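Structure at a glance
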There are 4 protein chains.
Amino acid sequence: MANNDVTDTHPAWLDDDTLEDVRGQVPMVYVEAVPVRVDHLGRIEKVGLLLRAQQDGSVSRAVVSGRVLHNESLRDALWRHLNKDLGPDASPAIPPGVAPFTVAEYFSDEELGDFHDPRQHAVALGYLVPCSGECHPAQDALDLAWLSPAEATSSHIAEEMSAGHGRLVRRALAFVGQLP
Amino acid sequence: MANNDVTDTHPAWLDDDTLEDVRGQVPMVYVEAVPVRVDHLGRIEKVGLLLRAQQDGSVSRAVVSGRVLHNESLRDALWRHLNKDLGPDASPAIPPGVAPFTVAEYFSDEELGDFHDPRQHAVALGYLVPCSGECHPAQDALDLAWLSPAEATSSHIAEEMSAGHGRLVRRALAFVGQLP
Amino acid sequence: MANNDVTDTHPAWLDDDTLEDVRGQVPMVYVEAVPVRVDHLGRIEKVGLLLRAQQDGSVSRAVVSGRVLHNESLRDALWRHLNKDLGPDASPAIPPGVAPFTVAEYFSDEELGDFHDPRQHAVALGYLVPCSGECHPAQDALDLAWLSPAEATSSHIAEEMSAGHGRLVRRALAFVGQLP
Amino acid sequence: MANNDVTDTHPAWLDDDTLEDVRGQVPMVYVEAVPVRVDHLGRIEKVGLLLRAQQDGSVSRAVVSGRVLHNESLRDALWRHLNKDLGPDASPAIPPGVAPFTVAEYFSDEELGDFHDPRQHAVALGYLVPCSGECHPAQDALDLAWLSPAEATSSHIAEEMSAGHGRLVRRALAFVGQLP
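This one's a predicted model, so the numbers in the text were calculated from it and none came from an experiment.

**Digging into the relation of the copies chain B and chain A**
In screw terms, the move from chain B to chain A is a rotation of 180° and a rise of 0.0 Å along the axis, fitting with an RMSD of 0.0 Å. Interpreted geometrically, this transformation is the action of a two-fold axis. Taken together, the interface assignments show that 100% of the residues at the interface of chain B recur at the interface of chain A, consistent with an identical surface on both copies.

**Notes on the interface of chain B and chain A**
Reports often express the size of an interface as the amount of accessible area lost when the parts come together. Of the residues lining the interface, 27 residues belong to chain B; the matching set on chain A comes to 27 residues. Broken down by secondary-structure element, the contributors of at least two residues to the side of chain B that touches chain A are α1 (16-23), β1 (28-38) and β5 (102-107) of chain B. For the side of chain B that touches chain A, the class distribution of residues is 16 nonpolar, nine polar and two charged.

**Some words on the interface of chain A and chain C**
Each side of the interface is counted separately: chain A has seven residues, and chain C has seven residues. If one sorts the elements of the side of chain A that touches chain C by residue count, helix α5 (residues 165-175) of chain A sits on top with four residues. Class assignment for the residues of the side of chain A that touches chain C results in three nonpolar, two polar and two charged.

**Details of the relation of the copies chain A and chain C**
Overlay of chain A on chain C (RMSD 0.0 Å): rotation 180°, translation along the axis 0.0 Å. Comparing interface residues between copies, 100% of those in chain A also sit at the interface in chain C, which points to an isologous, same-surface contact.

**Some thoughts on the environment of Gly57 of chain B**
Residue and element names in this part refer to chain B. Mapped onto the fold, Gly57 is located in the loop between β2 (44-53) and β3 (59-62). A residue is classified by how many C-beta atoms lie within 10 Å of it, and Gly57, with 6 of them, is exposed. When the C-alpha positions of Gly57 and Val68 are compared, they lie 26 Å apart, and in sequence the two are eleven residues distant.

**Here's the deal with the pairing of β2 of chain B**
Residues and elements named next belong to chain B. With three bridges connecting them, β1 and β2 associate as antiparallel partners. Looking across to β2, one finds that Val38 is bridged to Ile44. Following β1, the chain reverses through five residues before pairing antiparallel with β2; Gly42 in that reversal takes a positive phi of roughly 85°. Relative to strand β8 (residues 141-147), β2 runs antiparallel, the two being bridged by six bridges. Looking across to β8, one finds that Leu51 is bridged to Asp143. Pairing of β2 with β3, which is carried by four bridges, proceeds in the antiparallel orientation. Looking at β3, one finds that Leu51 is bridged to Arg61. Where β2 folds back on β3, the antiparallel hairpin that results is connected by five residues, among which Gly57 adopts a positive phi of roughly 95°.

**Observations concerning the pairing of strand β7 (residues 122-130) of chain A**
Residues and elements named next belong to chain A. Burial runs high along β7: nine of the nine residues are buried. Alternating positions in β7 separate into two faces, Ala122, Ala124, Gly126, Leu128 and Pro130 on one and Val123, Leu125, Tyr127 and Val129 on the other, with burial throughout. Taken together, the nine bridges between strand β1 (residues 28-38) and β7 define a ladder with parallel strand orientation. Within β7, the position partnered with Met28 by the bridge is Ala122. Summarising the sheet, strand β5 (residues 102-107) and β7 pair through five bridges and their orientation is antiparallel.

Definitions and limits used
- Residues numbered from 1 in each chain as written.
- Chains lettered and ligands numbered in written order.
- Predicted model: local features only at pLDDT ≥ 70, side-chain atom pairs only at ≥ 80, totals over all residues.
- Least-squares fit on C-alpha atoms with pLDDT ≥ 70 in both.
- Contact = placed C-beta atoms within 7 Å.
- Helix = DSSP H or I, 4+ residues; strand = E, 2+ residues; numbered from the N terminus.
- Nonpolar A, V, L, I, M, F, W, Y, C, P; charged D, E, K, R; others polar.
- Buried ≥ 20, exposed ≤ 12 C-beta atoms within 10 Å, placed from the backbone.
- Pairing = 2+ DSSP bridges.

Take a look at the structure:
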């Protein structure tokens, strides 16, 4: 079964059972990247949203997101997940700043916070990543749509977003001063 | 034996063996807080450095640092470690901004990056925390020294710092525009 | 007549005519502060909004905002305007970080950007300022209301906000991870 | 005489006398850009420093820096100065985030702060700008040198830097987690 987290060809490979186990014991480190098209002045023209089939059979929109492996750097993890989700020609420009523009905390207990992930407690570091190349949704993504900031934050798109990802996009647009 | 990470009275308690196990499989989430005294304009007057006995018997200076537990929020973890290390009257002002000012990545493999932690791969989110109350080093800290920005970044103090913590203090002072 | 900008007892005093003149020639530097009440973990509980009578006779809600004078530091300007607008007992905690969390650009030509100020081109550096003391609206403010994040970003409050200030509040809440 | 500030073909043109006048009355808004070469993971490989002849006949190293004109956006000002100083083929990637990573305040009165500019009080917003294209020092720059982070922060280069620019480079490297 394709599982985003464990099929990477990386020494820090964990089998599904062990990963399941570890997930109940410590927070997992995630990186989340909002892919954007920018103009020559760095202003966002389009936000890239992946269309993904979820495990429950529903389809929802999402940004690039994935787990950081043992002894993998945040930058390497960003690069790996951007390549996996947007294809090898996306030319992502990972920002030089080391700090994320936001952090999203997903708790397995729904009552603990705003973001919820029934599988695990995840601490996700959010980055904004301009992509200047050809993006082809890879892996389990069905499609990649480039939406204007106004579209990306519209209520009908918000309803189609994976848990927490709509909020992440709004934070990203606020960060760049383009939240409508 | 007192172990900073596992003796907390928290549901996410892990026994030493399990923690050891998990540490080899996924990155651990840490928070690091640089305690500071600020004037009424928010400028740093003093940086607080703990004097700690290390496991190898040596003594070194450190900022507040500790692991984030399962389903514990970053803010709760900051509060817990600040209280544990500076005592209950420190009145730490945890910053409202959700993103850390820096991230330090400690790899268990020394060759992977600048920061090294033989026990584990840790992703540490760094915050600057003004403390206006009485600080009393608690737990395993031997002393707490308040140094000026110039002293805190001097070469003789740098030599006494725990791995990575001198660098964290310099980044903190650069962040506030007070790196000498 | 009371004019927020020119009646300060500061050596960089400009008479009204000269200020008018200068305003047409270079951008003015402003600081804007979003006053907030925070809990012990740094989470925003309330956002403070001033009720101000505008020059056209209307009444609108606003954050703390004012011009930076010649040879006045940003921190001194923040302190001066916070004291002027919230009174001397507000105990504002100006953040140690030197960079603003956002920048708002107000152009005198409406077509140049999202923010508009018919009087001038202003570059406003935005800060989030926790206030733990008693706040009494001073100067030309009619009232100070403490609203929850949800209220402060509701559509009926948004309609009552001064030009740009509603957007600034939303950016502030996104910055702290509390934008609804 | 070539004067960086007043010979731009922009409606907000000021003659030298008027500019001189205005400079004594309000702070000037500046943008400062640290040009860098980055690898595919966003890590800085080289820092670009301009060699400039100063008005007093001395030669010093500097980052890209210049005034923001009336009704000019910060992004337009960054673009204009980057093009002017690095040539039209530099391909600067202006960061999407609207807030600068640092702010430097230059006071005309030397005792007021760390940065000093005898001509004026300037508030300079600092940005880090990856440049992927060919850079040719233009205008009054004599040369452009690409130095490693270690070289750029070495003491002998620090001595050759224009007032404040060495500090800006160190802050930039701290911001990206690469301050040696």
